[in-house]
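Here is how the chains run, residue by residue.
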Amino acid sequence: MDIHPYVPLLFFFALGLLFAGGSMGAGAVVGQKTYNRAKADAYECGIMPTPHARDGERVPIKFYLTAMLFIIFDVEVLFLYPFAVAFDQVGLFSLLAMLLFLVVVSVPFVYEWSRGGLEWD
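Thresholds applied
- Residues numbered from 1 in each chain as written.
- Predicted model: local features only at pLDDT ≥ 70, side-chain atom pairs only at ≥ 80, totals over all residues.
- Heavy atoms only, no water.
- Helix = DSSP H or I, 4+ residues; strand = E, 2+ residues; numbered from the N terminus.
- Buried < 20%, exposed > 50% of the residue type's maximum accessible area, 1.4 Å probe, protein only.
- Areas by Shrake-Rupley, 256 points an atom, 1.4 Å probe, with all protein chains shown as cover.
- Contact = heavy atoms within 4.5 Å.
- Expected span 1.5 Å × (residues − 1).
- Bend = angle between axes of the 7 residues up to and from the residue.
- Phe/Tyr/Trp six-rings, centres within 6.5 Å; stacked < 30°, edge-to-face > 60°.
- Axes fitted to C-alpha atoms, helices over the stretch in contact; angles between N-to-C directions.
- Parallel < 35°, antiparallel > 145°, perpendicular 65-115°, else oblique.
- Patch = residues over 30% accessible without salt bridge, like charges linked within 9 Å, V, L, I, M, F, W, Y side chains within 5 Å.
- Salt bridge = Lys/Arg side-chain N within 4 Å of Asp/Glu carboxyl O.

**A look at the overall build of the protein**
Looking only at helices and strands, one finds four helices and zero strands in the protein. Starting at the N terminus and walking to the C terminus, you meet the elements of the protein as α-α-α-α. Taken across its 121 residues, the protein has 7% of its residues classed as buried. Put simply, the protein shows about 10900 Å² of open surface, and 71% of that area lies on carbon and sulfur atoms.

**Quick word on the side chain of Glu76**
Residue position: Glu76 is located in helix α3 (residues 62-85). Since its relative accessible area comes to 12%, Glu76 is described here as buried. What Glu76 contacts, discounting residues up to four positions off in sequence, is Phe101, Leu102 and Val105.

**Overview of helix α4 (residues 92-114)**
Spanning 23 residues, α4 covers 32 Å between terminal C-alpha atoms, matching the ideal 33 Å at 1.5 Å per step. Remark: the principal bend of α4, roughly 25°, maps to Ser106, with a proline, Pro108, within the next four residues. Summarising the contacts, the buried residues of α4 are in contact with α3.

**Focus: the packing of aromatic side chains**
Within the structure shown, the criterion is met by four aromatic pairs. A ring pair is formed by Phe11 and Phe12, whose centres lie 5.5 Å apart and whose planes are at 70°; its orientation type is edge-to-face. Put simply, the rings of Phe73, Phe109 and Trp113 pair up and form one aromatic cluster.

**Observations regarding the packing of α3 against α4**
Taken N-terminus to C-terminus, the directions of α3 and α4 make an angle of 170°; their axes are 10 Å apart at the nearest point. Considering the angle they form, α3 stands roughly antiparallel to α4. Residue-level contacts link Leu65, Thr66, Leu69, Ile72, Phe73, Val75, Glu76, Phe79, Leu80 and Phe83 of α3 to Ser94, Leu95, Met98, Phe101, Leu102, Val105, Pro108, Phe109 and Glu112 of α4.

**Here we look at a nonpolar patch on the surface**
The grouping of Phe87, Leu92, Leu95, Leu96 and Leu99 at the surface amounts to a nonpolar patch, some 480 Å² of accessible area in total. Checked against the element boundaries, Leu96 lands in helix α4.

**Looking at α3**
With 24 residues, α3 extends 35 Å between its outermost C-alpha atoms, agreeing within 8% with the 34 Å of an ideal straight helix rising 1.5 Å per residue. Those residues of α3 not exposed but buried are Thr66, Leu69, Glu76 and Phe83. Those residues of α3 that are buried lie in contact with α4.

The values are spatial; any link to function lies outside them.
The structure is reproduced here in structure tokens:
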């Protein structure tokens with residue numbers, strides 16, 4: 001019996017969806033449903049949240065830029081690990097591709113740095 005190579009992948013994908021759905025369903029059925037004002041308020045370690053986005057003020061984009069920067073560097077490290085492990089086996093084309101990838105990934109960092117996103121007041 002010959003199994004298609006994607007069957008295990010689809011099995012684990014379905015298993016992951018089943019686990020996520022089951023966990024959410026169990027939490028909805030078993031969890032407490034008491035709501036009060038303290039649960040509705042934003043938790044900011046005892047400090048009033050600033051700025052108050054609910055009052056119509058704009059939220060500083062520095063928070064989002066910093067979060068995106070962390071995501072970009074996580075993806076960069078994710079792609080660099082296999083390359084670093086197999087560095088002695090890759091050819092010139094792979095080396096140039098990785099250098100191009102590093103240049104492309106560095107563009108958002110340089111953009112955020114030039115816009116002052118890494119300077120906190």
